[in-house]
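# Report on the structure
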Amino acid sequence: MKEAGAKLKEKLMEALKAVLPILAIVLFLCFSIAPISPSILLCFLMGAVLLVLGIMFFTLGAEMAMTPMGERVGTSITRTKNLPIVIILSFILGFIITISEPDLQVLAEQVPSIPNMTLIITVACGVGIFLVAALLRMLFSIPLSHMLVIFYILVFGLSCFVPDSFLSVAFDAGGVTTGPMTVPFIMALGIGVSAVRNDRHAADDSFGLVALCSIGPILSVLILGMLYNPQESAYVAPVLPEIGDSLELWQLFKVGFPSYMKEIAISLAPIILFFGIFQIALLKLPKRNLLKISVGLVYTYLGLVLFLTGANVGFMPAGNYLGNVIASLDFAWIIIPIGMVIGFFIVKAEPAVYVLNHQVEEITDGAISAKAMGMSLSIGVAVSIGLSMIRVLTGISIMWFLIPGYAIALGLSFFVPKIFTAIAFDSGGVASGPMTATFLLPFAQGACLAVGGNIVTDAFGVVAMVAMTPLITIQVLGMFYRLRTKSGQKQLQLSNSAVDFDMLDDDAIIEL
């Protein structure tokens with residue numbers, strides 16, 4: 001009992017550290033250059049409380065349930081040593097996990113010209129196919145950088161045939177698909193597969209599954225865009241709340257809770273069913289382990305319900321209104337540095353970021369610390385939001401940023417340690433989670449409305465930009481790590497050489 005209490009306290013402190021900086025920034029803006037109505041401010045404050053509780057329960061639940069489930073399923077699939085079974089089960093797993101991802105519902109609502117279920121099934125098929133490719137890469141030790149280059153050339157080739165009004169949405173699909181439901185399970189799956197391999201490159205290859213699974217939705221949605229040729233994507237602005245008293249505030253959130261309770265229950269059901277079949281057929285875990293996983297699933301469920309309710313009901317209207325007010329100022333350019341500051345801190349509130357950072361630290365035995373990962377992600381997201389605000393103000397096509405950005409990222413992949421490339425491309429999908437979809441995207445949409453831009457072509461694409469920049473910053477971290485390692489080895493060699501010289505007599509040294 002004491003241990004559980006200590007864990008909850010630890011997770012609460014992590015959640016407070018993530019949310020309080022965002023709260024402070026928004027409050028500063030509200031009482032200085034961007035005044036907002038009391039109704040929106042109260043919703044935002046209530047949403048912040050729910051975010052803290054949601055992150056606390058979700059991170060504990062992911063640690064207790066999602067990670068162990070993924071590792072055991074990955075280990076079991078690999079140990080069958082039956083390639084057709086590995087392929088079939090991997091596809092099914094990728095498909096059902098994607099349908100379970102709440103962020104995908106948000107994207108589907110933004111593309112009215114295509115039926116929601118058509119888009120969701122298309123994206124799920126893309127993830128399923130690429131999860132198969134990712135696992136086969138691990139089993140056959142195929143270099144990740146080679147696969148990334150081939151697939152991204154295909155992505156940018158197909159993008160030439162897709163309407164501009166749909167291009168940003170297609171790239172956003174890759175980011176929203178790898179959210180809080182998908183990432184813990186898929187990353188743990190990779191660790192489980194690498195544990196069976198047990199060779200010296202297994203740890204390096206345990207990352208990269210999220211990276212490849214992020215490409216699947218982009219390709220599948222690009223192909224869908226070519227087939228449907230959607231030209232009439234409409235933007236529906238979030239409804240700004242008007243609250244008269246505290247009871248009306250509670251009523252606003254009370255209405256939101258049932259829908260998210262139902263949504264997350266439907267999302268978790270396929271994963272639980274899949275794991276249950278594995279438990280009966282292969283795993284046969286003892287009751288003690290199953291009980292711990294069950295408690296973890298309850299925490300995961302509770303955390304996601306609280307988090308998504310707080311983000312959608314409290315944060316989305318505030319983000320939209322703030323973006324609109326700041327971009328309406330005489331000095332609209334100030335939205336660029338403000339967006340960068342918000343981006344720097346908001347990524348810390350992404351639930352799946354905790355899972356990634358701690359798994360990286362654990363797999364690398366602390367060689368890559370969670371703190372270094374967090375800083376690199378924050379810098380990357382800050383840059384991406386700054387560039388996104390430039391797009392909103394100027395209307396520059398997203399391709400002017402994505403093509404050189406991915407070219408740099410793919411080029412770096414040939415010069416940094418393999419594990420950093422895999423972690424970097426994983427981190428892109430992880431960073432672009434529900435906080436990006438429910439605060440930063442509405443922030444960009446509100447700003448775009450204020451400057452009279454095209455919402456579909458100029459505001460959409462924020463998720464894609466957030467997914468791109470960490471690919472560069474994490475690999476730059478890898479270059480520093482490699483240089484530091486080489487410097488340490490050189491100093492050690494010099495030290496050893498000095499010892500050797502001390503053991504030689506003068507004549508021997510002269511001869512040398």
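Whatever comes next refers back to the structure up there.
As the structure is a prediction and not an experimental result, all values here were calculated from the model.

### Regarding a nonpolar patch on the surface
A cluster of nonpolar side chains, namely Leu-83, Ile-87, Phe-140 and Ile-142, defines an oily patch on the protein surface of about 340 Å² accessible area. Summarising the element assignment, Leu-83 is placed in helix 3 (residues 83–99). Residue Leu-83 is classed as partly exposed on the basis of its relative accessible area, which comes to 38%.

### With respect to helix 6 (residues 144–158)
Helix length check: helix 6, at 15 residues, gives a terminal C-alpha distance of 21 Å against a target of 21 Å (1.5 Å per residue), a fit within 8%. Residues of helix 6 that are buried include every one of Leu-144, Ser-145, Met-147, Leu-148, Phe-151, Tyr-152, Val-155, Phe-156 and Leu-158, and no others. Down the axis of helix 6, the smallest arc covering the buried residues is 155 degrees, so these residues share one side. Structural note: helix 6 exposes Ile-150 and Ile-153 on the side pointing more than 90 degrees away from its buried face. Where helix 6 is buried, its residues meet helix 5 (116–140), helix 7 (164–177), helix 10 (209–228), helix 16 (399–412) and helix 17 (418–431).

### Considerations on the packing of aromatic side chains
What the rule picks out here adds up to 16 aromatic pairs. Where Tyr-152 meets Phe-156, the ring centres are 6.5 Å apart and the plane angle is 35 degrees; that geometry is what we call tilted. Remark: Phe-156 and Tyr-152 occur in helix 6; sequence separation between them is 4 residues, near one turn of the helix. On the basis of relative accessibility, which here comes to 15%, the residue Phe-156 falls in the buried class. Taken together, the ring pairs connect Tyr-152, Phe-156, Phe-171, Tyr-406 and Phe-425 into an aromatic cluster.

### So, the pattern of salt bridges
By the definition in use, this model includes 2 salt bridges. Measuring nitrogen to oxygen at the nearest pair gives 2.8 Å for the salt bridge that ties Lys-7 to Glu-63. With Lys-7 in helix 1 (residues 2–30) and Glu-63 in helix 2 (residues 38–79), the pair connects residues that are 56 residues apart, well separated along the chain. Note that Lys-11 and Glu-63 form a salt bridge whose closest N and O atoms lie 2.9 Å from each other. You can see Lys-11 sitting in helix 1 and its partner Glu-63 sitting in helix 2, a full 52 residues away along the chain.

How each quantity is defined
- The residue count restarts for each chain, going from 1 along the sequence in the order it is written.
- At least 70 in pLDDT is required for a residue's local features to be given in this predicted model, at least 80 for side-chain atom pairs to be given and counted, and no such filter applies to totals for whole chains, interfaces and linings, which use all residues.
- As a rule here, side-chain values come from all non-hydrogen atoms in the structure, and water together with hydrogens is ignored.
- The residues that make up patches have over 30% relative accessible area and no salt bridge, and they are joined within 9 Å when like-charged or within 5 Å when they are Val, Leu, Ile, Met, Phe, Trp or Tyr.
- Areas reported as accessible are Shrake-Rupley estimates using a 1.4 Å probe. Residue values count occlusion only from the protein chains shown.
- Here a salt bridge means any side-chain nitrogen of Lys or Arg lying within 4 Å of a carboxyl oxygen belonging to Asp or Glu.
- Helix and strand definitions follow DSSP, with helices as H or I runs of at least four residues and strands as E runs of at least two, each counted in order from the N terminus.
- Only protein chains enter the calculation, and the probe is 1.4 Å; a residue is then buried if its accessible area is under 20% of its type maximum, exposed if over 50%, and partly exposed in between.
- Multiplying 1.5 Å by the helix residue count minus one yields the expected span of that helix.
- In this description, the arc belongs to the directions extending from the helix axis to the C-beta atoms.
- The contact rule is simple, with two residues in contact once any of their heavy atoms fall within 4.5 Å.
- Stacked, edge-to-face and tilted labels apply to pairs of Phe, Tyr and Trp rings (six-membered ring for Trp) whose centres lie within 6.5 Å, assigned for plane angles under 30 degrees, over 60, and everything in between, in that order.

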